[in-house]
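Read off the chains here:
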Amino acid sequence: MMSFAALRRENSMLRSSGGAFDLWQWMIFGSIRGLSMAKYLVIVESPAKVKTIKKFLGSNYEVAASNGHIRDLPKSAMGIDIEHDYEPKYITIRGKGDILAYLRKEVKKAEKIYLATDPDREGEAISWHLLFALKLEDKLGEKKVYRITFNEITKNAVKESLKNAREINMNLVDAQQARRVLDRMVGYRISPLLWKKIKRGLSAGRVQSVALRIICDREEEINAFVPEEYWTLDVRLKVEGEKKPLCAKYYGTVKEKTGIADKEQADRIMGELKGADYAVAEVKTGERLRKPPLPFTTSTLQQEASKTLNFSTQKTMRLAQQLYEGVDIKGEGTVGLITYLRTDSTRVSAEAEAMAAGDILSRHGEEYLAEAAGEKRKSGKIQDAHEAIRPTDVNRIPTALKEELPRDLFRLYQLIWKRFLASRMSPAKYETTSVKIQAKEHLFTVAASSLKFDGFTSVYGLGDDGAEDGSEGKNALAVRLSRESRFSFDAFDPCQHFTQPPAHYTEASLVKALEELGIGRPSTYAPTITTILARRYVVKEEKNLYVTELGEVVNRMMMEAFPTIVDVNFTANMEALLDGVEEGSVKWKTVVSNFYPDLDEAVQQAEKELEHVTVADEVSDEVCDLCGRQMVIKYGPHGRFLACPGFPECRNTKPYFEKIGVACPKCGKDIVMKKTKKGRKYYGCIDNPECSFMVWQKPSGKLCPQCGSALLIKGNKYVCADEKCGYRASAEDLGKEQP
């Protein structure tokens, strides 16, 4: 060790040689740095949270991330010891060794460890796994280990969580373990059977197989639907003293409301009313309230983002995760913009209520503030420790953040912000008018409403929540009517209609159906839909979900061999049992031990009785360059590709591009849909790079009437591909220009 005299000589030499740093300063600085070493370690799931939370807590705290789960069941085996009370065999996830080593190193330095993973079952289980993976269960005597949770990443919420530190909730851990083990049992026992009986690469799941059945059942309803004819009858009347005519709809007779089944009945009514006098029989006016929507839950956010923003459930959750974890805001650094995104509660904290009330009073006025906010209550279990999805600070107005956020992040934040603020506002008020007009023994009706007080719709406009078509409040009577009004007949307008089959499921309506039936939980909807799309059981065209031949085959096999697994009521009851585990009223191994023997028996029976089913590959119009066979469409980890059916003799493959049925305006060859590395769609010539045609919007196959360039489809408009031209038109207007 260097003596004191030697240190002085070293310091003198450094000074004389123009050293940039005094040795004594170095020693003092080093000592201070050693003294200020972080005493407390906070472990979060995502690296995106580290910087933000570190900023809130200061130098006494070190913040590290586990990058999700550290331990899980092995991929190579089921990983459950059936013979020894269904004990799971957890292993460290491959690739997590370096993270685990870093966390263990930080744990050694810290006096206290705070496990701050997400505030749900999954997060609780990750904290429990960290306890074992970091060998903290052996050090509970010498190191203090706490569990903390926060529903929003704000300074107040994070600091408050430290004051309310607790132990790990084993009921939550067991609820997650039960779900994980049940899902593993179904997947690892049934999926290999599907590989053997149909083809490799297929999967079954406790929730995914039920979701597939729900879609298949709807498809069968649509196929079995028989349209029924019906007619409507409107009458146009001229009103004395008014310029505009009045249109009234047929209601029935003075005795009862009746429909019109066919043309003969419509003709008979019109015949009976020939030469009839029309007079007002009844005028009713009133007021109707339209209540504001509740703030978003995971399910309703996914539904609304799908309907209004055209986002997939997967995209919605990915963007919401970014908004929750934090976004860089100029002057503020990284800021969490919304509360936790996986929740089925509509509860709102008193602090958030007060914040919203202040904003509404200052920007809208007292009459716009709701007297008491509504709250949805469900008979089933809800995670009411969570709040609804809301902005962490309503003063962060979307328009002020527009330049700070990417377009899709901004649109989702704006939707959440508007919905939350609207949920704390007064109802909209409408003045309603209902008029019955009598002609002989027949009645016609006119109904209208006009907006009297806009209330919450001043923020969350009509049609924003998908509940209305946006016309409410805009169909006020064009003419003034009273008992004294006099009419003269103008014309009848009979119209034939046919009943329509149930609509195909969309991602939004499927999420709604799963929630209403009690299938799965908020965190499972997006991965379930993603899986059935990835396995090609279902395809998405426009917004609709359609079952493929493969999906029908898998569903039939599941219903034949495993009717319980795909039974909606059984799956809903299982969810209720798992909620019981979370409440501590049911033991998780009891649920598992009651389930597995029946599954095992069904698998063994299916292996003997089910026959092999062949699902033919879809044949393309491409010819193999090497052997001349028609190439077929295959599916790989990165999507579709073309392969020669002569494999293994011929191993030729090609990328698959979806043709859109439009010729390239430059060379006349097919235009195909492609994707960038980041997944964004674009349209280009199949002969690329020889032909350079490429556009972001879908070509329509029509030419611009002004300059002759290609017309692109943008929403419900046609726009010219040449930006200098600037031509745009609706389909109706274009039809007039191009007969």
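In case you missed it, the structure is sitting above this.
Residues numbered from 1 in each chain as written. Predicted model: local features only at pLDDT ≥ 70, side-chain atom pairs only at ≥ 80, totals over all residues. Heavy atoms only, no water.

Asks: What is the right way to look at the overall build of the protein chain in this model?
Replies: The helix and strand inventory of the protein chain stands at 20 helices and 30 strands. Burial statistics for the protein chain: of 739 residues in total, 46% are counted as buried. Sequence separation of 24 or more characterises 65% of the internal contacts of the protein chain that already satisfy a separation of 6 or more. Element-wise, carbon and sulfur atoms account for 49% of the exposed surface of the protein chain, whose accessible area totals about 39,300 Å². (Helix = DSSP H or I, 4+ residues; strand = E, 2+ residues; numbered from the N terminus. Buried < 20%, exposed > 50% of the residue type's maximum accessible area, 1.4 Å probe, protein only. Contact = heavy atoms within 4.5 Å. Areas by Shrake-Rupley, 256 points an atom, 1.4 Å probe, with all protein chains shown as cover.)

Asks: Teacher, can you tell me more about the environment of R236 here?
Replies: You can see R236 is positioned in strand β9 (residues 229-239). As a C-alpha pair, R236 and F489 span 253 residues in sequence and 6.8 Å in three-dimensional space. Once you skip the residues sitting within four places of it in the chain, R236 turns out to touch L246, F489, D490 and A491.

Asks: Whenever I open this one, the sheet that holds β9 confuses me. Can you help?
Replies: Strands pair in a sheet through their backbones, by hydrogen bonds, and they do so in one of two ways: parallel or antiparallel. Strand order in this open sheet of 6 strands is β11-β14-β15-β10-β9-β16, and the pairing throughout is antiparallel. Strands with a single pairing partner mark the edges of an open sheet, and in this sheet they are β11 (279-290) and β16 (487-498). Taken over all neighbouring pairs, the strand axes of this sheet differ in orientation by 30° on average, direction set aside. With 11 bridges connecting them, β11 and strand β14 (residues 428-439) associate as antiparallel partners. Its bridge partner lying in β14, E282 is registered against K436. Seen against the sheet, helix α9 (residues 263-272) touches β9, β10 (246-253), β15 (442-453) and β16 and runs at an angle of roughly 25° to β9. (Pairing = 2+ DSSP bridges. Axes fitted to C-alpha atoms, helices over the stretch in contact; angles between N-to-C directions.)

Asks: Sorry, what's going on with the sheet that holds strand β25 (residues 681-685) here?
Replies: One open sheet accounts for 4 strands, arranged β23-β24-β25-β26; its pairing is antiparallel. Two strands close off the open sheet at either side, each with one partner strand: β23 (658-663) and β26 (694-695). In terms of strand pairing, strand β24 (residues 670-675) meets β25 through 5 bridges, oriented antiparallel. Bridge assignment links V672 to a residue of β25, and that residue is G684.

Asks: How do you make sense of the packing of aromatic side chains when you look at a structure like this?
Replies: Ring pairs (aromatic) are described by centroid distance and by the angle formed between their planes. With the rule as written, the count across this model stands at 14 aromatic pairs. Considering the side-chain rings of Y40 and Y61, the 5.0 Å spacing of their centres and the 50° angle between planes classify their relative orientation as tilted. Here Y61 lies in strand β2 (residues 61-65) and Y40 lies in strand β1 (residues 40-44), a separation of 21 residues in the sequence. Taken individually, Y40 and Y61 each receive the classification buried, so the pair is uniform in this respect. Considering the side-chain rings of Y90 and W128, the 6.2 Å spacing of their centres and the 80° angle between planes classify their relative orientation as edge-to-face. Remark: W128 occurs in helix α5 (residues 121-133) and Y90 occurs in the loop between β5 (87-88) and β6 (91-92); sequence separation between them is 38 residues. For Y90, a relative accessible area of 19% puts it in the buried group. Following the ring pairs from residue to residue traces out a cluster consisting of Y250, Y278, F444, F489 and F492. Over the ring of Y188 we find R184; its NZ or CZ atom is 4.1 Å from the centre of that ring. (Phe/Tyr/Trp six-rings, centres within 6.5 Å; stacked < 30°, edge-to-face > 60°. Lys NZ or Arg CZ within 6 Å of the ring centre and 35° of its normal.)

Asks: I'm lost on unusual backbone geometry in this one. Help?
Replies: As a rule of thumb, non-glycine residues mostly have phi less than zero, and peptide bonds are mostly trans rather than cis. For the bond from F647 to P648, the omega torsion is 10°, close enough to zero to count as cis. Mapping P648 onto the fold places it in the loop between β21 (639-643) and β22 (653-655). N688 connects to P689 through a cis peptide bond whose omega is 10°. Its place among the elements puts P689 in the loop between β25 and β26.

Asks: Where do I start with the layout of surface pockets in this structure?
Replies: Gaps left between atoms are located by rolling a probe of water-molecule size over the structure's atoms. What the second largest pocket holds in volume is close to 1,600 Å³. Forming the walls of the second largest pocket are 44 residues, and the residues nearest its centre are D72, E122, R180, D183 and P527. Per element, the largest residue contribution to the lining of the second largest pocket is 10 residues, and it comes from helix α7 (residues 170-197). Classifying every residue of the lining of the second largest pocket gives 13 nonpolar, 15 polar and 16 charged. (1 Å grid on protein atoms, 1.4 Å probe; cavity = no way out; pocket = protein on both sides within 12 Å on 5 of 7 lines; lining within 4 Å. Points joined across faces, edges and corners; volume = space filled by probe spheres on them. Nonpolar A, V, L, I, M, F, W, Y, C, P; charged D, E, K, R; others polar.)

Asks: Where do I start with the packing of helix α11 (residues 313-325) against helix α16 (residues 525-534) in this structure?
Replies: When two helices pack together, their arrangement is captured by the angle between the axes and the distance separating the axes. Viewed as axis vectors pointing N to C, α11 and α16 meet at an angle of 140°, and their least axial separation amounts to 8 Å. The angle between α11 and α16 places the two elements in the oblique class. α11 and α16 meet at a crossing whose hand is left-handed. Listed contacts from α16 to T313, Q314 and M317 of α11 are A526, I529 and T530. The class makeup of the residues in the contact of α11 with α16 is 3 nonpolar, 3 polar and no charged. (Parallel < 35°, antiparallel > 145°, perpendicular 65-115°, else oblique. Left-handed = near helix turned anticlockwise from the far one by under 90°.)

Asks: When you look at the side chain of S299 in this model, what are you seeing that I'm missing?
Replies: Its place among the elements puts S299 in helix α10 (residues 298-309). On the basis of relative accessible area, S299 is assigned to the buried category, the value being 2%. Residue contacts for S299: discarding those within four places in its chain leaves V511, E515 and Y525.

Asks: I keep staring at the packing of helix α8 (residues 208-224) against helix α17 (residues 549-561) and nothing clicks. Help me out?
Replies: One can describe the packing of α8 onto α17 by two numbers: an axis separation of 10 Å at closest approach and a directional angle of 110°. For the element pair α8 / α17, the angle class is roughly perpendicular. Judged by the twist between their axes, the crossing of α8 over α17 is left-handed. On the side of α8, the interface is formed by S209, L212, R213 and C216, while α17 contributes G551, V554, N555, M558 and M559.

Asks: Sorry, what's going on with the environment of R536 here?
Replies: With respect to the helices and strands, the residue R536 is situated in the loop between α16 and β17 (538-541). Along the primary structure R536 and G551 are separated by 15 residues, whereas in three dimensions their C-alpha atoms are 7.0 Å apart. In this structure, R536 is in contact with T548, L550, G551, Y635 and R640, ignoring residues within four places of it in sequence.

Asks: Where do I start with the pairing of β14 in this structure?
Replies: It is a general feature of regular strands that their side chains alternate between the two faces of the sheet. Strand direction decides the pairing type here: β14 and β15, joined by 11 bridges, are antiparallel. Across the sheet, I437 pairs through a bridge with F444, a residue of β15.

Asks: Quick question: what am I supposed to make of the nonpolar core here?
Replies: In summary, soluble globular proteins display a tendency toward joint burial of nonpolar side chains. Among the nonpolar cores identified, the biggest contains 62 residues, and F150, L323, L405 and L412 are the most heavily contacted of them. Among the elements that take part in this core, helix α14 (residues 407-423) stands out by supplying 10 residues, more than any other. With near-sequence residues (within four places) excluded, L412 lies in contact with L301, A305, L309, F311, T316, L319, A320 and L323. (Core = buried A, V, L, I, M, F, W, Y, C linked by side-chain atoms within 4.5 Å.)

Asks: How should the pattern of salt bridges be read in this particular structure?
Replies: Once their charged atoms are close, side chains differing in charge can pair, the charge on each being opposite to the other. As enumerated under the stated definition, the model contains 35 salt bridges in all. As a salt-bridge pair, E106 and K109 come within 3.4 Å of each other at their nearest N and O atoms. Residue E106 and its partner K109 are both found in helix α4 (residues 97-109); the two are separated by 3 residues, about one turn of the helix. Residue K109 is classed as partly exposed on the basis of its relative accessible area of 41%. With a shortest N-O distance of 3.7 Å, D234 and K249 are connected by a salt bridge. (Salt bridge = Lys/Arg side-chain N within 4 Å of Asp/Glu carboxyl O.)

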